[in-house]
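The primary structure of each chain is shown beneath.
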Amino acid sequence: MEHAIKQFLLHHSLTLFGTDVSSGMVQVQRTKKEVSGDLTLLLFPFVKALKASPQELGEKIRVALISEFKGIQQIEVLGGFLNIHLSSEYWVNALEDIQKNPNFGSEKPESKPLLMVEFASPNTNKPLHLGHLRNIFLGYSVAEILKANGHKVIKTQIINDRGIHICKSMLAWERFSPLNDQGERETPQNTGLKGDKLVGKYYVEFDRNFNAEAKSIIGRWEEGNFESFSDPVVAEFKRLTEAKEGKDEKALAGIEDKIKDLAKNQTTLLRDVKEMLVKWEARDPQVYLLWTTMNNWVYQGFDVTYKSIGVDFEKSYYESDTFLLGKDIVVEGLQKGVFYKKEDGSVWIDLTDSGLDEKLVLRSDGTAVYMTQDIGTAVDRYKDYPEMNGIIYTVGNEQDYHFKVLFLILEKLGYSWAANCSHLSYGMVDLPSGKMKSREGTVVDADDLIAEVVEKATEMTRERGHLEGMTDPAKEHLFNTIGLGGLKYYLLKVDPKKRMLFNPEESIELNGNTGPFIQYTHARICSLLSKANYSAGTIQECPLNDEEKEVIKLLTEYPSVIAEAGQTLSPAVLANYMYELVKSYNHFYQTVPILIETDENLKRMRLAMSASVAKVILSSMKLLGVEVPERM
RNA sequence: GGUCCCGUAGCUCAGCUGGAUAGAGCAACGCCCUUCUAAGGCGAAGGUCAAAGGUUCGAAUCCUUUCGGGAUCACCA
């Protein structure tokens, strides 16, 4: 209707106003709640351009619209606003359309170009944590939303399975794992630990030993023992030590960090781990076997977590597969003059003409860096899916700069599709105690968190749920649905771009703007419908009260909400819409009788409305990756 | 220091392509289960939209400056 009115005014602008009006001038929006009416046309833009009074203009438009649209019941001009009242008939027809359409809100599947959505993207040296969960839920939901917008979508993850950080866990495991009776080092099998947790443990172990070694080196230096250290290092240490004289606390800390870095660079652990990386890139069989084994432990661990949260991928990319391609492209780019080589053999790109810095793309020892792999991965993906119309990278906003540079490099390399790549940048998750820091042990482990929310849901549902006659597996499933649903909704309802606070208590809350609140409304409607033996059918015209009209109005907005969520890549748009819908339905539910209504037409309409609300809840929660129970 | 993001009720967040009196939830207070699931509803309370200028008929929304918070500027990923 909004669109029709807008088109009508544009087409008849000459006869109405005596001049053409631009499409931007015709602003039709929902009427504010406090004012009576359904749609509002803003008269201000015309007043200004045509130099006529709002009353005069409003009257002209009023007459024209009323005679044109039979769905319009009444129009009043209030100040600079023209408020349009639509008839009950119009709303009842709208409801009937919604009721009849099984895919209400969504575009035709696969009617739009292929998009790739990358999310999760874990490192294989650390277990998943709360930050990953925001990433995963967000990426998954955005993929679903894009599908609902008609796109074909490939969900993918990039597995960060190479690089020096992986070698750290490997080295630490080889060196520090205790041997059992059979002379075996620790494995998931002989410890019962989840694979990702075991590998993560050795990553931490590396760091501990690494720091300890650096500390002992500094200790030796401070005692004046410089045996086996090169002259430049010793000179640098002395220079830094002297620089400490008379500095304030902050500057002092900076210098000590530099000394620490200097010492870290002299550790045998770092030397060995670098050696391991070079061996790995040279496909050394022993190193490769160790790498494959430990990575498989991690994947098995991740799979358990993914399965528990109902997330899957169509395709996974491994950096170990793409970094070589990246290196090749760098060599090519070097020949083309996109990159340049420094004296030490390292390869760089100069982005200063774009207002950025110089960026390293290949180390002096010839090994790949993060950027090298990402170049290779992007190109590899377009090789796999030449028809693809874009890649959406779901990655935290601390990497805004990285992606800016990546897309620019791809463009400079001459890939026209670089313009279609975009970074879905999301904010960090803070804890009430502050930032999550793995080094300080303040990360929230994903598996622990999931277990916790499910446990809480179990407790609450046993207390107040309607579980009579449910089988035990069905109950388990319900507890999972509620716990996970609450967690997903909690993380998704906030604008992705914004940094958010994770409050453990609020995340398992059941009242207010929460997943369970919405799930509950759905369950209640299902109960209502089954009691009424409801089945869809035609609805007779009947008068509508304010509560009913409000709910139907919101229902009609669902398709545009999906479109907006797709455009802005924001599940939060959907979540907030759904909350509004559910709130207004609950208000209706509490004020208006349904089953005991004696007027059959009214009862039918109210049931159809309830069924439509349930349908939209189910559909939009699915787009958030949240299941919705029929009873709870 | 350069670049980017953020600042709305005690707390967590909506609202931001400029439009009518800035909205929710939580917390705290008062009501409503012999009508359908009270994980619900209703009411009252809570605001210098960080501050100051500017643009406009009209600014939480756009521009500038200041203040406050954060990210980033690695031969880490």
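The model shown is predicted, which means the values in this text are computed figures rather than measured ones.

S.K.: Give a description of the overall build of chain A that names residues and reports values.
M.R.: What chain A contains, in helices and strands, is 24 helices and 14 strands. Summarising its shape, the C-alpha atoms of chain A cover approximately 95 × 65 × 55 Å along the three principal directions. The buried share among the 632 residues of chain A stands at 52%. Across chain A, the fraction of contacts at a sequence separation of at least 24, relative to all contacts at a separation of at least 6, is 73%. Total accessible area on chain A is roughly 30400 Å²; 50% of this is exposed by carbon and sulfur atoms. The distance from the centre of the 74 positive side-chain charges to the centre of the 90 negative ones in chain A is 1 Å.

S.K.: Tell me what's going on with helix 18 (residues 472-492), and back it up with residues and numbers.
M.R.: Residue pairs three or four apart in sequence face the same way in an α-helix, which turns once every 3.6 residues. The end-to-end C-alpha distance of helix 18, which contains 21 residues, comes to 30 Å, matching closely the 30 Å that a straight helix rising 1.5 Å per residue would cover. For helix 18, the buried fraction is high: 15 of the 21 residues fall into the buried class.

S.K.: Could you give an account of a negative patch on the surface, naming the residues involved and the relevant values?
M.R.: Judged by side-chain charge, Asp448, Glu452, Glu455, Glu459 and Glu463 come together as a negatively charged surface patch. Inspection of the secondary structure puts Glu452 in helix 17 (residues 446-464).

S.K.: Describe in detail the protein's contact with RNA strand B, supporting the description with residues and values.
M.R.: Contacts to RNA strand B come from 67 residues, most closely from Asn160, Asp344, Arg363, His466 and Tyr520. Between RNA strand B and the protein, one listed contact pairs a phosphate oxygen with a side-chain N or O atom of Arg363 at 2.5 Å. Arg499 is positioned such that a nitrogen or oxygen atom in its side chain is 2.7 Å from a sugar or linking oxygen of RNA strand B. Here the surface near RNA strand B takes 7 residues from helix 20 (residues 515-532), the largest share from any one element. Here the residues of the surface near RNA strand B are counted per class, giving 28 nonpolar, 20 polar and 19 charged.

S.K.: Can you break down the pairing of strand 5 (residues 112-118) residue by residue, with the values?
M.R.: Of all 7 residues making up strand 5, 5 are buried, and the element is well covered by its neighbours. Sheet topology places strand 5 next to strand 6 (residues 151-159); 6 bridges connect them, and they run parallel. Bridged to Val117 within strand 6 is Lys155. The parallel pair strand 5 and strand 6, bridged by helix 6 (residues 130-148), forms a crossover whose chirality is right-handed. When strand 5 meets strand 11 (residues 391-396), the two strands line up parallel, connected through 3 bridges.

S.K.: How would you explain unusual backbone geometry if you had to name every residue and give the values?
M.R.: The bulk of non-glycine residues show a negative phi, and the bulk of peptide bonds are trans. Look at Glu110: it is not a glycine, yet its phi comes out positive at around 55°. Of note in the backbone geometry, Leu569 takes a positive phi value of approximately 50° without being a glycine. Its location among the elements puts Leu569 in the loop between helix 22 (558-568) and helix 23 (571-591). Accessibility expressed as a relative area gives 15% for Leu569, which makes it buried.

S.K.: Tell me about the pattern of salt bridges, and name the residues and values.
M.R.: Under the definition given, this model contains 29 salt bridges. Its salt-bridge partner being Glu281, residue Arg162 comes within 2.6 Å of it at the nearest N-O pair. Taken together, the residues Arg162 in the loop between strand 6 and helix 7 (164-176) and Glu281 in helix 12 (residues 268-281) connect sequence positions 119 residues apart. For Glu281, a relative accessible area of 15% translates into the label buried. Salt-bridge contacts for Lys197 lead to Asp447; the nearest nitrogen and oxygen are separated by 2.7 Å. Placement of Lys197 in helix 9 (residues 195-222) and of Asp447 in helix 17 is noted, with a sequence separation of 250 residues between them. Judged by relative accessible area, which is 22%, Lys197 ranks as partly exposed. Three or more residues are tied together by salt bridges with common partners; here these are Lys194, Asp196, Lys197, Asp445 and Asp447.

S.K.: Would you mind going over the domain arrangement of chain A in detail, with residue names and values included?
M.R.: Under the domain assignment, chain A is made up of domain 1 (2-86), domain 2 (87-160 + 447-632) and domain 3 (319-426). Computed over C-alpha atoms, the centres of domain 2 and domain 3 are 39 Å apart. Contact residues are listed per partner, giving 23 residues for domain 2 and 18 residues for domain 3. Buried area between domain 2 and domain 3, summed over both chains or domains, comes out near 1800 Å², and the portion from carbon and sulfur atoms is 61%. The largest per-residue losses of area from domain 2 upon contact with domain 3 belong to Leu114, Met116 and Glu118, which jointly make up 36% of the total buried on that side. Between the two partners, domain 2 and domain 3, sit 1 salt bridge. A salt bridge links Glu118 to Arg381; the shortest N-O distance between them is 2.9 Å. Scanning the region where domain 2 abuts domain 3 turns up 9 residue pairs in polar contact (both at pLDDT 80 or more). For the side of domain 2 that touches domain 3, the elements supplying multiple residues, two or more each, are strand 5, helix 6 and strand 6. Broken down by element, the side of domain 2 that touches domain 3 gets its largest block of residues, 7 residues, from helix 6. The residue makeup of the side of domain 2 that touches domain 3, split by class, is 14 nonpolar, 6 polar and 3 charged.

S.K.: Please provide a residue-by-residue account of a nonpolar patch on the surface, values included.
M.R.: Taken together, the side chains of Val35, Phe44, Leu78 and Phe81 present a nonpolar region at the surface, about 350 Å² in accessible area. If you trace the backbone, Leu78 turns up in strand 3 (residues 72-78).

S.K.: Before we move on, can you summarise the environment of Phe588 with the specific residues and values?
M.R.: Position of Phe588 among the secondary structure elements: in helix 23. Sequence-wise, Phe588 and Asp546 are 42 residues apart; in three dimensions their C-alpha atoms are separated by 8.9 Å. Apart from the residues lying within four places of it in its own chain, the contact partners of Phe588 are Glu547, Glu548, Val551, Ile594, Arg606, Met609 and Ser610.

S.K.: Please provide a residue-by-residue account of the sheet that holds strand 9 (residues 347-350), values included.
M.R.: The 3 strands are arranged 8-9-10 in an open sheet whose pairing can be described as antiparallel. Single-partner strands in this sheet number two, and they are strand 8 (340-341) and strand 10 (358-362). Two strands pair when backbone bridges link them, and strand 9 and strand 10 are joined in this way by 4 bridges, in the antiparallel orientation. Opposite Trp348, over in strand 10, you have Leu360 as the bridge partner. Most of the contacts of helix 14 (residues 319-336) go to strand 10, to which it runs at about 125°, and overall it touches strand 8, strand 9 and strand 10.

Each value, and the rule that gives it
- Residues numbered from 1 in each chain as written.
- Chains lettered and ligands numbered in written order.
- Predicted model: local features only at pLDDT ≥ 70, side-chain atom pairs only at ≥ 80, totals over all residues.
- Heavy atoms only, no water.
- Helix = DSSP H or I, 4+ residues; strand = E, 2+ residues; numbered from the N terminus.
- Buried < 20%, exposed > 50% of the residue type's maximum accessible area, 1.4 Å probe, protein only.
- Contact = heavy atoms within 4.5 Å.
- Areas by Shrake-Rupley, 256 points an atom, 1.4 Å probe, with all protein chains shown as cover.
- Lys, Arg positive; Asp, Glu negative; His and termini not counted.
- Charge placed at Lys NZ, Arg CZ, Asp CG, Glu CD.
- Expected span 1.5 Å × (residues − 1).
- Patch = residues over 30% accessible without salt bridge, like charges linked within 9 Å, V, L, I, M, F, W, Y side chains within 5 Å.
- Salt bridge = Lys/Arg side-chain N within 4 Å of Asp/Glu carboxyl O.
- Near = heavy atom within 4 Å.
- Polar contact = N/O pair within 3.5 Å; in protein donor to acceptor, adjacent residues only side chain to side chain.
- Nonpolar A, V, L, I, M, F, W, Y, C, P; charged D, E, K, R; others polar.
- Pairing = 2+ DSSP bridges.
- Right-handed = clockwise from strand over helix to strand, strands pointing away.
- Domains from an automatic or database assignment.
- Buried area = accessible area lost by both parts, 1.4 Å probe.
- Axes fitted to C-alpha atoms, helices over the stretch in contact; angles between N-to-C directions.

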